[in-house]
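Survey of secondary and tertiary structure
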Amino acid sequence: ALAAFIFSQMKDHYRQTPADYQARKVRSFRQLKPQQFGYTPSKLLPISQAASPLSSTPSYVFNGTAKSPYQQHKFHSDPERRFAVMIDSEFESEVIRWLKPGRGQFKIEYEPGKPYEPDFVVETNSEKLIVEVKASNEMDDPIVQTKARAAVEWIKHANSFADEGDGKQWRYALIPDNAITESATLQGLLAAYSVQNQ
């Protein structure tokens, strides 16, 4: 009981300040692993078709992509699905391939022991992108901003490796869901929502 009392006092005074990240290059690729989804045939839709109602999007599996290495995808929200449709489109000819990483496939540590797994990783003819799609009312959320800071720092180190001849430059974009409209383009979204060093 005494230890619990002391620990609760310590927690009241605990503060964590952002720390600089240390980069360690281990390998310039990671093998993709199978993703497993449980679903029924009634919960399978082509990626071009929205779930009805939209709030049920996470319960569906979507298929029919051309530029992703995976045949099926799950999305947390309909704006994520719409973004995938946009980058998978033949009109986005700059996009070579894209990936919605599964658990543990692409991790950026944003707090000690807490991995940030971004929504999308996209490769275009000229660069590689980490893209996060967030509800517009969550853009200024402290955790969202902490993850963005960690991603930008990760990209800074990845780009220093790219400068040494190890692939294309990286960029991070934090995109509000209401910006992903029928007329949106990837380049337009990147121009408006790329996050620079903070």
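Overview of the structure. (Residues numbered from 1 in each chain as written. Predicted model: local features only at pLDDT ≥ 70, side-chain atom pairs only at ≥ 80, totals over all residues. Heavy atoms only, no water.)

1. Points about empty space enclosed by the protein
- Across all of its chains, the model carries one cavity of 30 Å³ or more by this definition.
- Taken as a whole, the largest cavity spans an internal volume of roughly 40 Å³.
- At the level of secondary structure, the elements contributing two or more residues to the lining of the largest cavity comprise strand 8 (127-134) and helix 3 (142-163).
- Here the lining of the largest cavity gets three residues from one element, more than from any other, and that element is helix 3. (1 Å grid on protein atoms, 1.4 Å probe; cavity = no way out; pocket = protein on both sides within 12 Å on 5 of 7 lines; lining within 4 Å. Points joined across faces, edges and corners; volume = space filled by probe spheres on them. Helix = DSSP H or I, 4+ residues; strand = E, 2+ residues; numbered from the N terminus.)

2. Some details on the sheet that holds strand 7 (residues 120-124)
- Sheet architecture is open: four strands sit in the order 4-7-8-9, paired in mixed fashion. Two strands in the sheet have a free side with no partner beyond their single neighbour: strand 4 (95-99) and strand 9 (169-176). Taken over all neighbouring pairs, the strand axes of this sheet differ in orientation by 20° on average, direction set aside.
- Strand direction decides the pairing type here: strand 8 and strand 9, joined by eight bridges, are parallel. Residue pairing in the sheet places Val131 in a bridge with Ala173 of strand 9.
- Against the sheet, helix 3 engages strand 8 and strand 9, with an angle of about 160° to strand 9. (Pairing = 2+ DSSP bridges. Axes fitted to C-alpha atoms, helices over the stretch in contact; angles between N-to-C directions. Contact = heavy atoms within 4.5 Å.)

3. Regarding the pairing of strand 8
- A large share of strand 8 lies buried, amounting to six of its eight residues.
- Relative to strand 8, strand 7 is paired through four bridges, and the arrangement is antiparallel. Residue pairing for strand 8: Val122 is matched across the bridge by Leu129.
- Hairpin connection between strand 7 and strand 8: a loop of two residues separates the two successive antiparallel strands. (Buried < 20%, exposed > 50% of the residue type's maximum accessible area, 1.4 Å probe, protein only.)

4. Let's talk about the nonpolar core
- Ranked by internal contacts, the top residues of the largest apolar core, which has 25 residues, are Phe83, Ile87 and Phe120.
- Of all the secondary structure elements, the ones that give two or more residues to this core are helix 2 (78-88), strand 4, strand 7, strand 8, strand 9 and helix 4 (186-193).
- In terms of residues, this core owes the most to one element, helix 2, which gives four residues.
- In terms of nonpolar packing, the next biggest core, distinct from the first, is built from 18 residues, Val121, Ile155, Leu174 and Val195 among them. (Core = buried A, V, L, I, M, F, W, Y, C linked by side-chain atoms within 4.5 Å.)

5. Points about the pattern of salt bridges
- Applying the stated rule across the entire model yields ten salt bridges.
- Where Glu123 meets Arg97, a salt bridge forms, and the shortest distance between an N and an O atom there is 2.4 Å. In this pair, Glu123 is assigned in strand 7 and Arg97 in strand 4, connecting sequence segments 26 residues apart.
- Where Lys168 meets Glu123, a salt bridge forms, and the shortest distance between an N and an O atom there is 2.8 Å. Here the residue Lys168 occupies a position in the loop between helix 3 and strand 9, and Glu123 occupies one in strand 7, the gap between them amounting to 45 residues.
- For Lys168, a relative accessible area of 22% corresponds to the partly exposed category.
- For Glu123, a relative accessible area of 15% corresponds to the buried category.
- Salt bridges linked by common partners bring Asp78, Arg81 and Arg82 together as one network. (Salt bridge = Lys/Arg side-chain N within 4 Å of Asp/Glu carboxyl O.)

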